[in-house]
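As a plain string of letters, each chain reads:
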Amino acid sequence: MTRGVGPAGGTGAPARRGRTPPHTTPHEIGACHRMQHPVGPPLPPAHPPIPALPPADVTAAAVAVLLIGPAGAGKTTVARYWADTRRVPTAHISLDDVREWVRSGFADPQSGWNDHSEAQYRLARRTCGFAARNFLANGISCILDDAVFPDRPVVGLGGWKRHVGPGLLPVVLLPGLDVVLERNAERSGNRRLGDEEVARIHGRMAGWYGSGLPIIDNSQLDVPTTARLLDEAVARALTSW
């Protein structure tokens, strides 16, 4: 045991460890209790940062796409092909098909736009939106098609986003007028419109230029190529969120 040295040089009581010597100045006391940091490179953080996850495969994401275009643009054909060839479950919902669920009392579009046809259109759109939300809730993508006008709120984009949801991805399919007229002439029944009506609708669809929506001119494209461009448009929209 170590013994302390008294003021006269003799031995006194044993020095207690951890006690400050009796003649230490206040400055020295502070120095005794000041923490000493080791010298060297900085220590690594206690929890290293979590590495970033790889980007999601946009071609396999569950999405809701609205394919817009005039009569004769090829919306239904392209939408069905796109739904058939995706790597994930995908449904096709056509507004015209849903409208024709009404058999007796069907509001024929060739009879003109009136309160009766507008009411059936709104009902069909709500039904399509309800189906799309149910598909998405179960992990199934869907593609809807409709002749949505840029300058008519009644049949505009806002109603679709209201019924399907803000994540709806609209893409415009707009071939040239001559192509649309030729395709419309091949139709039959109430799906076939008069040439003047087709030209009027096509002219109003041109208002989508400058809207910021992706537009595909499929005048000279086959269905697989158009579907590939649709895939690319959807991928760009998803990665920009």
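Scroll up to find the structure.
In this report, we go over the structure that sits alongside the text.

Examining helix 7 (residues 195–205)
Link 1 in the chain: Taken together, the buried positions of helix 7 are Val198, Ile201, His202 and Met205. Burial along helix 7 is one-sided: seen end-on, the buried residues are contained in an arc of 100°.
Link 2 in the chain: Residues of helix 7 that are buried in the fold lie against strand 3 (64–68) and helix 6 (177–185).

Details of the sheet that holds strand 4 (residues 90–94)
Link 1 in the chain: A sheet is described by the order of its strands in space; here five strands give the open sequence 4-5-3-6-7, paired in parallel fashion. Strands with a single pairing partner mark the edges of an open sheet, and in this sheet they are strand 4 and strand 7 (215–216).
Link 2 in the chain: By the bridge criterion, four bridges tie strand 3 to strand 6 (residues 169–173) in an arrangement that is parallel. Pairing of Leu66 across the sheet is with Pro170, part of strand 6.
Link 3 in the chain: Lying on the sheet, helix 5 (residues 157–164) is in contact with strand 3, strand 5 (141–146) and strand 6; it crosses strand 3 at an angle near 160°.

Description of the pattern of salt bridges
When charged atoms on two side chains of opposite charge get close, those side chains can pair.
Link 1 in the chain: Applying the stated rule across the entire model yields five salt bridges.
Link 2 in the chain: One salt bridge connects Arg122 with Glu118, and the closest N-O pair in it is separated by 3.1 Å. Taken together, the positions of Arg122 and Glu118, both in helix 4 (residues 115–137) and four residues apart, correspond to about one turn of that helix.
Link 3 in the chain: Linking Glu197 and Arg200 is a salt bridge whose minimum nitrogen-to-oxygen distance equals 2.6 Å. One end of the pair is Glu197 and the other is Arg200, both in helix 7 and three residues apart, which spans about a single turn.
Link 4 in the chain: On the basis of relative accessibility, which here comes to 32%, the residue Glu197 falls in the partly exposed class.

Cut-offs used in this document
- Residues numbered from 1 in each chain as written.
- Predicted model: local features only at pLDDT ≥ 70, side-chain atom pairs only at ≥ 80, totals over all residues.
- Heavy atoms only, no water.
- Buried < 20%, exposed > 50% of the residue type's maximum accessible area, 1.4 Å probe, protein only.
- Helix = DSSP H or I, 4+ residues; strand = E, 2+ residues; numbered from the N terminus.
- Arc of directions from axis to C-beta.
- Contact = heavy atoms within 4.5 Å.
- Pairing = 2+ DSSP bridges.
- Axes fitted to C-alpha atoms, helices over the stretch in contact; angles between N-to-C directions.
- Salt bridge = Lys/Arg side-chain N within 4 Å of Asp/Glu carboxyl O.

Function cannot be read off these values alone, since they describe shape.
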